[in-house]
Amino acid sequence: MRKTSTRLRLAGGLAALLLSVGAPVAQADENEPPTLAELAQRHGRYFGSATDNPELTDEPYKAVLGTEFDMITPGNGMKWYATEPQQGVFDFSQGDEIVNLARANHQRVRGHTLVWHSQLPGWLTSRAWTADELRAVLKKHIQTEVRHYKGKIYAWDVVNEAFNEDGTYRETIFYKTLGPGYIADALRWAHQADPKAKLYLNDYNVEGTGPKSDAYYQLVKELKAQGVPVHGFGLQAHLALQYGYPGTLEDNLRRFSRLGLDTALTEVDVRMYVPADDAKLATQAEWYRDMTEACLAVRRCVGITLWDYTDKYSWIPAFFDGEGAALPWDEQLRPKPAYFAIREALG
Ligand code: G3I
């Protein structure tokens, strides 16, 4: 979907600069360079960013979010703690705000996430449930949320982070109470509620082949054989310079494609120890280029989403001591070498 010629089209740092000094907003110009989204669309792909509600008061930030990308993921606003803070009491205000913004900007939305062991509300984690009780709670949560957003969500991360590093099931409240069948149930319930949404399993450290991505490969094979509605595998791609680039990414994407699945890079960032320097930023740029090229090389890799686009709002510094600088735009919303590397890969 190419955007209308009248929309705001400003490149990263320029947007920040112009808006912060109150200069007139630049209008579309056919001579302006294409956005990441437009470049990706030429390959039949999307290029997206996560965002979070508190960031939406930042106008220069919003200007880039609204123009450079064609897919948006709410970073927190659709999670269980936000959407069902009390049992049976639903609050879709945060997700709605992001969906409405995305629609105004002609962007699609990835829904994130229905079943995850983290960021659960206290009422769910603070007591014991029988299998029948928890099954009913899970079904109601999934179906109420998916129905609320029916027709507005391109793809749901239905189950997030279900496996351990060694390929065994993560011992979540859902697994421990319901057994591994909770995954098939969750997919079926989501499909009933919005038959057109693509349904994904999503995880980190599954970019390369190995025990964890092998576990997904086996699971998807089984789910497919049982006729369970599963349409995509999301590779979060939270990479770190100190751990090396996952050289088997392209092969891994391809084997999931061969199972008849879409794949997507869903939460991309490449962190490093700070301060950043030219060498680290150059390596980071190469990794962004390589990831983009890997996705373009595999027909059913449908798109790439950054886990927010600017270091200003990255989750990394709060979670990894001494690390950061993980995204293609810096804290002042200026494009970094990684941004230009992505453009080259898409161009
Ligand atoms: O909402 C409270 C706020 O009331 C309080 O004032 C503030 C003080 O710290 O915390 C706020 O909650 C934070 C929440 O994000 C919303 O901003 C939590 O502390 C913080 O832990 C939480 O972090 C999120 C993280 O998931 C939790 O695991 C990140 O923003 C979010 O980007 C991150 O996203 C996950 C994906 O969902 C799944 N894959 C991994 C990825 C990175 O962890």
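From a predicted model like this one, the values you see are computed outputs, not experimental measurements.

### Digging into the overall build of the chain
Stage number 1. When you go through the chain residue by residue, the secondary structure sums to 14 helices and ten strands.
Stage number 2. Here the chain has a C-alpha radius of gyration of 20 Å; the compact-globule value for 347 residues is 20 Å, and the two agree.
Stage number 3. Taking the principal axes of the C-alpha coordinates as reference, the chain spans close to 60 × 40 × 40 Å.
Stage number 4. The 347 residues of the chain split such that 56% are buried.
Stage number 5. Residue pairs in contact within the chain that sit at least 24 positions apart in sequence constitute 76% of those at least 6 positions apart.
Stage number 6. Working note: accessible area of the chain is about 14100 Å², and carbon and sulfur atoms make up 51% of it.
Stage number 7. Between the mean site of the 38 positive side-chain charges and the mean site of the 45 negative ones, the chain shows a separation of 7 Å.

### Notes on the state of the cysteines
Stage number 1. In the structure shown here, the tally under the stated rule is one disulfide.
Stage number 2. The disulfide bridge from C295 ends at C301, spanning 2.1 Å between sulfur atoms. Handedness of the C295-C301 disulfide follows from its S-S torsion of about -100 degrees: it is left-handed.
Stage number 3. Looking at C295, the relative accessible area reads 1%, which means it is buried.
Stage number 4. On the basis of relative accessibility, which here comes to 0%, the residue C301 falls in the buried class.

### A short note on the site of the ligand
Stage number 1. Around the ligand sit 15 residues, and of these N76, K79, H112, E267 and W307 come closest.
Stage number 2. Between K79 and the ligand, the recorded distance is 2.7 Å, taken from a side-chain N or O atom to an oxygen atom.
Stage number 3. Contact with the protein chains covers 52% of the free accessible surface of the ligand, which is 800 Å².
Stage number 4. Across the shell around the ligand, the residue classes break down as five nonpolar, seven polar and three charged.

### Description of the packing of aromatic side chains
Stage number 1. What the rule picks out here adds up to 25 aromatic pairs.
Stage number 2. On the basis of an interplanar angle of 65 degrees and a centroid distance of 5.7 Å, the ring pair of Y245 and W287 is categorised as edge-to-face. In this pair, Y245 is assigned in the loop between β7 (238-240) and α11 (249-258) and W287 in helix α12 (residues 278-297), connecting sequence segments 42 residues apart.
Stage number 3. Taking relative accessible area as the criterion, W287 reaches 8% and is therefore assigned buried.
Stage number 4. When the ring of Y339 is compared with that of F340, the centres are 5.1 Å apart and the planes differ by 80 degrees; the resulting orientation is edge-to-face.
Stage number 5. By way of ring pairs, the aromatic residues F47, Y61, F69, Y309, Y313, W329, Y339 and F340 are connected into one cluster.
Stage number 6. Above the face of the Y200 ring, R110 is positioned so that its terminal group lies 4.7 Å from the ring centre.

### A short note on the pairing of strand β8 (residues 262-273)
Stage number 1. Extensive coverage of β8 is indicated by the burial of eleven of its twelve residues.
Stage number 2. Across three bridges, the pairing between β7 and β8 is parallel. The residue bridging L239 from the neighbouring strand is V270, located in β8.
Stage number 3. The sheet contact formed by β8 and strand β9 (residues 301-306) spans four bridges and is parallel.

### Some points on the domain arrangement of the chain
Stage number 1. Here the chain is partitioned into domain 1 (1-33) and domain 2 (35-346).
Stage number 2. Computed over C-alpha atoms, the centres of domain 1 and domain 2 are 28 Å apart.

### Concerning the packing of helix α10 (residues 211-225) against α11
Stage number 1. Contact geometry of α10 with α11 gives a least axis separation of 10 Å together with a crossing angle of 10 degrees. In terms of their interaxial angle, α10 and α11 are classed as roughly parallel. Every residue of α11 that contacts α10 at S213, D214, Y216, Y217 and V220 is listed here: N252, R255 and F256.
Stage number 2. Each residue belonging to the contact of α10 with α11 can be placed in one class, and the counts come to four nonpolar, two polar and two charged.

### Some words on the side chain of R255
Stage number 1. Within the secondary structure, R255 is located in helix α11.
Stage number 2. When neighbours within four sequence positions are excluded, R255 is seen to be in contact with T209, G210, S213, D214 and Y217.

What counts, and at which threshold
Residues numbered from 1 in each chain as written. Predicted model: local features only at pLDDT ≥ 70, side-chain atom pairs only at ≥ 80, totals over all residues. Heavy atoms only, no water. Helix = DSSP H or I, 4+ residues; strand = E, 2+ residues; numbered from the N terminus. Rg over C-alpha atoms; globule rule 2.2 N^0.38 Å. Buried < 20%, exposed > 50% of the residue type's maximum accessible area, 1.4 Å probe, protein only. Contact = heavy atoms within 4.5 Å. Areas by Shrake-Rupley, 256 points an atom, 1.4 Å probe, with all protein chains shown as cover. Lys, Arg positive; Asp, Glu negative; His and termini not counted. Charge placed at Lys NZ, Arg CZ, Asp CG, Glu CD. Disulfide = S-S within 2.5 Å. Near = heavy atom within 4 Å. Polar contact = N/O pair within 3.5 Å; in protein donor to acceptor, adjacent residues only side chain to side chain. Nonpolar A, V, L, I, M, F, W, Y, C, P; charged D, E, K, R; others polar. Phe/Tyr/Trp six-rings, centres within 6.5 Å; stacked < 30°, edge-to-face > 60°. Lys NZ or Arg CZ within 6 Å of the ring centre and 35° of its normal. Pairing = 2+ DSSP bridges. Domains from an automatic or database assignment. Axes fitted to C-alpha atoms, helices over the stretch in contact; angles between N-to-C directions. Parallel < 35°, antiparallel > 145°, perpendicular 65-115°, else oblique.

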